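# Working through the structure, step by step
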Amino acid sequence: MPATVLLDLFAIGWFLCGWLGYAWFADRRAADGLTLMNAMHGYRVMWMRRLLQREVRVVDATIAGNLNRAVIFLASTTILILAGLIAVLGSVERAIEVVGALRFAVASTPEIWELKLFSLILLFVYAFFKFTWAVRHFNYLSVLIGAAPEADSQVTWSADYAARAARVSSHAANTFNRGLRAYYFGLAMLAWFLHPLLFILATALVIGVLYRREFHSRMLRELGNPAEFVE
């Protein structure tokens, strides 16, 4: 087996280990310490408690609608990306010729190029499913906002209802975050079309960027621990 093919196989293995390993690490870290996702969950709990105290909930419905529109936009964009990638499958020879004209691009066979394209297509198919599932989550959240008990009803289960609505909102955000994460790794995979070593480096760079933003970003410091604001 040629050395370049072995390097391509190592690169895609490195990519899969990095992507799946980071997802596992991020989920475990979220259960053990302060991250962007669990900090925002705390604020969502506060939001739902305030919602139950308001008589008019137009603002809450508007917020949920705005969140849903952002997810729908990215789901639609993913469809366009997939259409473009499928179109490239019909002109692989031409694509190889264009990329091969770059001095730093490594030569690749049509079979390896098709592997790269199919891998990128599968990645964005995954992102599409995550975005559309997040859309349904936000739709469920809208129903929970509409079904919330009125402010003066004094029901005994209002605290449990607020916690449940916050969990639904966080599930939607986490699903959306996984779709966004696929976009980041999709950008890293673009480097594979130039050189597998560049692909390996880009994957490591994306993991570093995601780690810093989710666990050590300035935004996380600004958000802080929402428990500080609970009376």
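Check the entry above for the structure.
Quick summary incoming for the structure in this document.

Rules used in this analysis
Residues numbered from 1 in each chain as written. Predicted model: local features only at pLDDT ≥ 70, side-chain atom pairs only at ≥ 80, totals over all residues. Heavy atoms only, no water. Patch = residues over 30% accessible without salt bridge, like charges linked within 9 Å, V, L, I, M, F, W, Y side chains within 5 Å. Areas by Shrake-Rupley, 256 points an atom, 1.4 Å probe, with all protein chains shown as cover. Salt bridge = Lys/Arg side-chain N within 4 Å of Asp/Glu carboxyl O. Helix = DSSP H or I, 4+ residues; strand = E, 2+ residues; numbered from the N terminus. Buried < 20%, exposed > 50% of the residue type's maximum accessible area, 1.4 Å probe, protein only. Axes fitted to C-alpha atoms, helices over the stretch in contact; angles between N-to-C directions. Left-handed = near helix turned anticlockwise from the far one by under 90°. Contact = heavy atoms within 4.5 Å. Nonpolar A, V, L, I, M, F, W, Y, C, P; charged D, E, K, R; others polar. Expected span 1.5 Å × (residues − 1). Core = buried A, V, L, I, M, F, W, Y, C linked by side-chain atoms within 4.5 Å.

### Topic: a nonpolar patch on the surface
On the surface, a cluster of nonpolar side chains totalling about 240 Å² of accessible area is made up of Leu 6, Leu 9 and Leu 115. Tracing the backbone shows Leu 115 in helix α5 (residues 110-147). Exposure remark for Leu 115: the relative accessible area of 33% places this residue in the partly exposed category.

### Digging into the packing of helix α3 (residues 58-89) against helix α6 (residues 158-190)
One way to put it is that α3 packs onto α6 with a least axis distance of 11 Å and a crossing angle of 35°. Every pair of crossing elements has a handedness; the one defined by α3 and α6 is left-handed. Contacts between α3 and α6 pair Val 71, Leu 74, Thr 77, Thr 78 and Ile 81 from the former with Phe 176, Leu 180 and Tyr 183 from the latter. The class makeup of the residues in the contact of α3 with α6 is 6 nonpolar, 2 polar and no charged.

### Regarding α3
Since the α-helix packs 3.6 residues into each turn, any two residues three or four apart lie on the same face. Relative to the 46 Å expected for 32 residues at 1.5 Å per residue, α3 spans 47 Å between its end C-alpha atoms, a close match to the ideal helical length. Within the sequence span of α3, burial applies to Asp 60, Ala 64, Asn 68, Val 71, Leu 74, Ala 75, Thr 78, Leu 82 and Leu 85. Looking at the buried side of α3, the elements it contacts are α2 (36-53), α5 and α6.

### Focus on the nonpolar core
Core analysis: the biggest nonpolar cluster contains 58 residues, and Phe 15, Met 48, Trp 113, Phe 131 and Leu 141 have the highest contact counts within it. Contributing elements (two or more residues each) for this core: α1 (3-32), α2, α3, α4 (92-100), α5, α6 and α7 (196-215). Top element by residues in this core is α5. It accounts for 14 residues. Those residues in contact with Leu 141, other than ones at most four positions away along the chain, are Trp 47, Met 48, Ala 64, Ala 165, Val 168 and Ser 169.

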